[in-house]
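A closer look at the structure
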Amino acid sequence: MMPFRRSLLATCAVSALAATTSVAFAQQAREVKVGYALAVNSHYGAGAQAWADHVEKATGNAFKFKQFPSSALGGERELIEGLQLGTVEAILVSTGALSNFVPEIGVVDIPFLFRDTAHARKVLDGDFGQDLLTKFKKRGLIALAWGEQGFRHLSNNKHPVNKPEDLKGLKIRTMENPVHILAFRTMGASPTPMAWPEVIGALQQGTIDGQENPLSVFVSAKLWQVQKNLTLTGHVYAPIALVVSPAFFGSLTDAQKTAFIEGAKIGAQASRKFVDDVEKKGVDEIKSHGVNVVTQVNNAPFQAALTPAYKQYAAKYGQKTLDQIAAVK
Ligand code: PAF
């Protein structure tokens, strides 16, 4: 054979081997579909990426996360159902739709339950929050850690809100969450529960006047494009749960399970760090887009207006539980 042809054949053989090897590597990595509601450049994206990085590294690339941001797999309800059906492996979700699946976690959605971020993190990382994570199991879900969105604030297109009376008649989109719906109804607003993927369109069309979400969501979803007024009510703390499908989790070795659990904790911390950064810069950024931001608001009248709702929360979740949370210092 001519030397040139021999070297050409050798080159082809090496390339074929490399291609086969990389296919083999690619086949070895199990795909983990991870879904969430917001963009990659958000506290959700930060959490998902840190979770992926840890699992991929700790397992020697036995897994490859594929991200589905911006509700690409549906709203949060569909994501949770996807885990139960085993069509999605991992999600990061708010407590909005979750409390319809795991009613016990509705307790964290009670307005003004947490004094501040440090209090919320301490409760969720402590015995109470870790015990709540175990409640997911009997609902066909495995929750691994609590991440964060921040405290929710109220925005609308009608007028600045300074006191509960200003809420009267405002059509406020809430999450599909019974605790939030009761709170807004009790404070005099007209709560309109709606899945997140419909919210921006509804604000554009004026079928709702406002919505409520933390600064992290306001900034990442560029809500200044559809909202004129924002009041820093901080009326309720919003955690994120990092959850996996039981079918998927059950198929893992113990070491792989540990990698997913540790990765979820790292992802949760990454979401909190992202929120800490947005909390520092978010208001200025939102103002720079022309939104009228009420930064000083007296919470006491809002809490007073909620008195009838607190009676119902205490009846549902137990006054002892609420006192136990308040006692965490
Ligand atoms: O308002 C909501 O539905 C949630 O806070 C969001 C934006 C989907 C993030 O989980």
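For clarity, every value in this text was computed on a predicted model and none was experimentally measured.

What follows is about the overall build of the chain. For the chain, the count of helices and strands is 14 helices and nine strands. Counting only C-alpha atoms and orienting by the principal axes, one finds that the chain spans roughly 90 × 45 × 30 Å. Within the chain, buried positions represent 51% of all 329 residues. Across the chain, contacts joining residues at least 24 apart in sequence account for 74% of those joining residues at least 6 apart. Here the chain displays about 14900 Å² of accessible surface, and carbon together with sulfur accounts for 57% of that area. Taken together, the 35 basic and 28 acidic charged side chains of the chain have centroids lying 2 Å from each other.

Turning next to the site of the ligand. The environment of the ligand is formed by Ala-37, Tyr-44, Glu-76, Ser-94, Gln-149, Arg-152, Arg-173, Met-175, Trp-196, Asn-213 and Val-217. Note that an oxygen atom of the ligand is positioned 2.9 Å from one of the side-chain N or O atoms of Glu-76. Within the complex, 98% of the 280 Å² of free accessible area of the ligand lies under protein. Considering only residue class, the shell around the ligand consists of five nonpolar, three polar and three charged.

Looking now at the pattern of salt bridges. Using the criterion set out here, one finds 13 salt bridges in the structure. A salt bridge links Arg-121 to Asp-276, with the nearest nitrogen and oxygen atoms 2.9 Å apart. Here Arg-121 is found in helix α5 (residues 117-125), whereas its partner Asp-276 is found in helix α11 (residues 254-288), with 155 residues between them in sequence. Looking at Arg-121, the relative accessible area reads 18%, which means it is buried. A relative accessible area of 33% means that Asp-276 is categorised as partly exposed.

Moving on, we come to the nonpolar core. In terms of nonpolar packing, the biggest core is built from 51 residues, with Val-107, Phe-114, Phe-136, Leu-141 and Val-243 touching the most fellow members. The residues contacting Val-107, other than those within four sequence positions of it, are Leu-113, Phe-128, Leu-132, Tyr-317, Thr-321, Leu-322 and Ile-325. Residues Val-32, Ala-37, Leu-223 and Leu-230 belong to the second largest nonpolar core, which totals 47 residues.

Another point: the environment of Leu-242. You can see Leu-242 is positioned in strand β8 (residues 229-244). By relative accessible area, Leu-242 is classed as buried at 0%. Residues Leu-242 and Ser-70, spaced 172 residues apart in sequence, show a C-alpha to C-alpha distance of 16 Å. Other than its neighbours up to four places away in sequence, Leu-242 contacts Trp-51, Ile-91, Leu-92, Ile-142, Ala-143, Leu-144, Ala-145, Trp-146, Gly-147, Ala-264, Gly-267 and Ala-268.

The next point concerns the confidence of the model for the chain. When the pLDDT values of the chain are averaged, the result is 93; 92% of them are 70 or greater. Counting interchain partners and residues more than four positions distant, the pLDDT-below-50 stretch residues 1-25 has two contacts.

Moving on, we come to helix α7 (residues 178-186). Buried within α7 are the following residues: Val-179, His-180, Ile-181, Leu-182, Ala-183 and Phe-184. In this structure, the buried side of α7 is in contact with β4 (142-156), β5 (171-174), β6 (190-193), β7 (210-213), β8 and α13 (307-317). Of the residues flanking the start of α7, the one acting as N-cap is Asn-177, its side-chain oxygen 2.9 Å from the backbone nitrogen of Val-179.

So, about the packing of aromatic side chains. Under the criterion given, the structure shown has ten aromatic pairs. Taken together, a centroid distance of 5.3 Å and an interplanar angle of 65° make the contact between Phe-151 and Tyr-237 edge-to-face. Of this pair, Phe-151 sits in strand β4 while Tyr-237 sits in strand β8, and the two are 86 residues apart along the sequence. Owing to a relative accessible area of 2%, Tyr-237 belongs among the buried residues under this scheme.

Attention shifts here to the packing of helix α2 (residues 43-58) against α11. Contact geometry for α2 and α11: axes closest at 7 Å, N-to-C directions at 150°. The angle between α2 and α11 falls in the class roughly antiparallel. For the pair α2 and α11, the crossing hand works out as right-handed. Two secondary-structure elements touch here, α2 through His-43, Ala-46, Gly-47, Ala-50, Trp-51, His-54, Val-55 and Ala-58 and α11 through Ala-259, Phe-260, Glu-262, Gly-263, Ala-264, Ile-266, Gly-267, Ala-270, Ser-271, Phe-274 and Val-275. Looking at side-chain class alone, the contact of α2 with α11 contains twelve nonpolar, six polar and one charged residues.

So, on to the environment of Ile-172. Mapped onto the fold, Ile-172 is located in strand β5. Assessed through its relative accessible area of 0%, Ile-172 is described here as buried. In this structure, the C-alpha to C-alpha distance between Ile-172 and Lys-33, residues 139 residues apart in sequence, is 33 Å. The contact partners of Ile-172, leaving out residues within four places of it in the chain, are Leu-154, Ser-155, Phe-184, Ala-189, Ser-190, Pro-191, Thr-192, Gly-210, Gln-211 and Glu-212.

Turning next to the packing of α5 against helix α6 (residues 127-134). α6 packs onto α5 with a crossing angle of 55° between their chain directions and a minimal axis gap of 3 Å. Considering the angle they form, α5 stands oblique to α6. Residues Val-123, Leu-124 and Asp-125 of α5 form the contact with α6, whose own contacting residues are Asp-127, Phe-128, Gly-129 and Gln-130. Among the residues making up the contact of α5 with α6, the classes are represented as three nonpolar, two polar and two charged.

Reading the values: the criteria
- Residues numbered from 1 in each chain as written.
- Predicted model: local features only at pLDDT ≥ 70, side-chain atom pairs only at ≥ 80, totals over all residues.
- Heavy atoms only, no water.
- Helix = DSSP H or I, 4+ residues; strand = E, 2+ residues; numbered from the N terminus.
- Buried < 20%, exposed > 50% of the residue type's maximum accessible area, 1.4 Å probe, protein only.
- Contact = heavy atoms within 4.5 Å.
- Areas by Shrake-Rupley, 256 points an atom, 1.4 Å probe, with all protein chains shown as cover.
- Lys, Arg positive; Asp, Glu negative; His and termini not counted.
- Charge placed at Lys NZ, Arg CZ, Asp CG, Glu CD.
- Near = heavy atom within 4 Å.
- Polar contact = N/O pair within 3.5 Å; in protein donor to acceptor, adjacent residues only side chain to side chain.
- Nonpolar A, V, L, I, M, F, W, Y, C, P; charged D, E, K, R; others polar.
- Salt bridge = Lys/Arg side-chain N within 4 Å of Asp/Glu carboxyl O.
- Core = buried A, V, L, I, M, F, W, Y, C linked by side-chain atoms within 4.5 Å.
- pLDDT = per-residue confidence, 0-100.
- Phe/Tyr/Trp six-rings, centres within 6.5 Å; stacked < 30°, edge-to-face > 60°.
- Axes fitted to C-alpha atoms, helices over the stretch in contact; angles between N-to-C directions.
- Parallel < 35°, antiparallel > 145°, perpendicular 65-115°, else oblique.
- Left-handed = near helix turned anticlockwise from the far one by under 90°.

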